Amino acid sequence: RKLIKKSIIDYINKTLLWHEHSSRELLDLFVSTATKPLHPLNSKRLNNYLLGFTLTGRDLFWSEYMRKQYGSGSIYKLISWIENQSLEKITADQAACVLTVLSWTLGTTVKLLRNRATRCLFIIGKIQPDELFKSLLAMVQVDDPYIRERVLAAGYGVAMACNDLEKKYIPQVLLPSAKKIYFLF
C-alpha cells in the first residue's frame, strides 16, 4: 500500500491536478484506480481528497471534470461496466470502492450522468446492501445537496427491493441504517 511516497501524492495534488493539460488524464487515472480496494490511489484517497474542498471549490474542480467528459472517460466506462455486466460476484470491498466513486459523481450538473450513477448505486446496492447503506451514511454528510438527494434515493430503492432480497437484510441492515438516517436529519 505504501508504494507511492507522500511527497509524490503531494506533488500531484498541489501541482499536476491544477494544470488543465494534465488534470483530466490524472483524474481519469484516479477514477480507474479508485475502484481497486488494494490500490494506493483507491476510493479512500479520492474521497479524502474531495472532502478537502468546499462545495464551490469541488464544483469548479470535480464537477467541471465530469462535465467535460462528454460521455467518455473513466466515469462513463465504470457506469457502462456496471450497467452491462453481471456483478453477482462483486466483493464487499470492491462494492465499497465503486459506491464511493459513484456517489461523488452525483454532484455533477450533467443530469443524465447523475441519473445513470444513481441507477448504478441501486444495482450494486441490491447485491451488496450493507455496503450501500454504509456508503449512504457517509455520503449524506457531504455538503452537496445533489449527493445527499441521490444517495438517499438509491437507498430507498434498495430498501423497497428488499422484498426480493434475503429477509436477513431487514433487521440486520435496513433497520439500523434507517434509525441512523433518521437521527442525522
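Let us now look at the overall build of the protein chain. Secondary structure summary: the protein chain contains 10 helices and zero strands in total. Secondary structure elements in the protein chain, listed N-terminal to C-terminal, are α-α-α-α-α-α-α-α-α-α. The buried share among the 185 residues of the protein chain stands at 48%. Within the protein chain, counting contacts between residues at least 6 apart in sequence, those at least 24 apart form 71% of the total. With an accessible surface of roughly 10300 Å², the protein chain has 58% of that area assigned to carbon and sulfur atoms.

Further remarks concern the packing of helix H5 (residues 74–84) against helix H7 (residues 111–127). For the pair H5 and H7, the least separation of the axes is 10 Å and the interaxial angle reads 45°. The orientation of H5 relative to H7 falls into the category oblique. Between H5 and H7 lies a crossing whose hand is left-handed. Side by side, H5 and H7 meet where Ile-75, Tyr-76, Ile-79, Ser-80, Ile-82 and Glu-83 of the first sit next to Leu-113, Arg-116, Ala-117, Arg-119, Cys-120, Ile-123 and Ile-124 of the second. In terms of residue class, the contact of H5 with H7 is made up of nine nonpolar, one polar and three charged.

Turning our attention to the packing of aromatic side chains. Tallying each qualifying case throughout the model produces five aromatic pairs. Aromatic side chains Tyr-49 and Phe-53 sit 5.3 Å apart centroid to centroid with 85° between the ring planes, which places their arrangement in the edge-to-face category. We classify Phe-53 as buried; its relative accessible area is 15%. Measuring from centroid to centroid gives 5.3 Å for Phe-53 and Phe-61, while their planes differ by 10°, and the two rings are stacked.

We now examine helix H9 (residues 145–161). Compared with the 24 Å implied by 1.5 Å per residue over 17 residues, the 24 Å span of H9 between its first and last C-alpha is a close match. Taken as a whole, H9 has its buried residues at Ile-147, Arg-150, Val-151, Ala-154, Gly-155, Gly-157, Val-158 and Ala-161. Buried residues along H9 cover an arc of 155° about the axis, so they all sit on one side. Pointing more than 90 degrees away from the buried face of H9 are the exposed residues Pro-145 and Tyr-156. Elements in contact with the buried residues of H9: helix H6 (92–105), H7 and helix H8 (129–139). Of the residues flanking the start of H9, the one acting as N-cap is Asp-144, its side-chain oxygen 2.9 Å from the backbone nitrogen of Tyr-146.

This brings us to the pattern of salt bridges. Considering all chains together, one arrives at five salt bridges under this definition. One salt bridge in this structure joins Glu-131 and Lys-134, with 3.2 Å as the shortest N-O distance. Taken as a pair, Glu-131 and Lys-134 lie in helix H8 at a separation of three residues, close to a single helical turn. Judged by relative accessible area, which is 10%, Glu-131 ranks as buried. In this structure, Glu-149 and Arg-150 form a salt bridge, with 3.8 Å as the shortest nitrogen-oxygen distance.

Attention now moves to the nonpolar core. The biggest cluster of nonpolar side chains holds 50 residues, and the ones touching the most others in it are Trp-62, Ile-75, Ile-82, Leu-102, Leu-121, Ile-124 and Val-151. Ranked by residues supplied to this core, first place goes to H7 with seven residues. Setting aside chain neighbours within four positions, we find Leu-102 in contact with Leu-78, Ile-79, Ile-82, Ala-117, Cys-120, Leu-121 and Ile-124.

About the criteria used
- Within each chain, residues carry numbers counting from 1 in the order of the written sequence.
- The model is predicted, so local features are restricted to residues of pLDDT at least 70 and side-chain atom pairs to those at 80 or more, both for listing and for counting; the totals for chains, interfaces and linings are taken over all residues.
- For the side-chain quantities, the full set of heavy atoms in the structure was used; hydrogens and water were omitted.
- Only DSSP runs of H or I with at least four residues qualify as helices, and only runs of E with at least two residues qualify as strands; both kinds are numbered from the N terminus onward.
- Relative accessibility thresholds used throughout: buried, under 20% of the residue-type maximum; exposed, over 50%; partly exposed, between the two (1.4 Å probe, protein chains only).
- The contact definition used throughout considers only heavy atoms, calling two residues in contact when any of these lie within 4.5 Å.
- Only the protein chains shown count as cover for residues, and all accessible areas are computed by the Shrake-Rupley method using a 1.4 Å probe.
- Lines are fitted to the C-alpha atoms to define the axes, a helix being fitted only along its stretch in contact, and any angle between axes, read from their N-to-C directions, falls within 0 to 180 degrees.
- Oblique is the label for any angle not covered by the other classes, which are roughly parallel (under 35 degrees), roughly antiparallel (over 145) and roughly perpendicular (65 to 115).
- The sense of a crossing depends on the near helix, which, turned anticlockwise from the far helix by less than a right angle, makes the crossing left-handed and, turned clockwise, makes it right-handed.
- Any residue that is not Ala, Val, Leu, Ile, Met, Phe, Trp, Tyr, Cys, Pro, Asp, Glu, Lys or Arg is counted as polar, Gly included; the first ten are nonpolar and the last four charged.
- Think of it this way: a Phe, Tyr or Trp ring, Trp meaning its six-membered ring, pairs with another when their centres are within 6.5 Å, and the plane angle makes it stacked under 30 degrees, edge-to-face over 60, tilted otherwise.
- A helix is expected to span 1.5 Å for every residue after the first.
- It is the directions from the helix axis to the C-beta atoms whose arc is reported.
- Two N or O atoms form a polar contact when they lie within 3.5 Å of each other; inside protein one atom must be a possible hydrogen donor and the other a possible acceptor, and for residues adjacent in sequence the pair counts only when both atoms belong to side chains.
- A side-chain nitrogen of Lys or Arg and a carboxyl oxygen of Asp or Glu constitute a salt bridge if their distance falls within 4 Å.
- In this description, a nonpolar core means a group of buried Ala, Val, Leu, Ile, Met, Phe, Trp, Tyr and Cys residues linked to one another through side-chain atoms lying within 4.5 Å.

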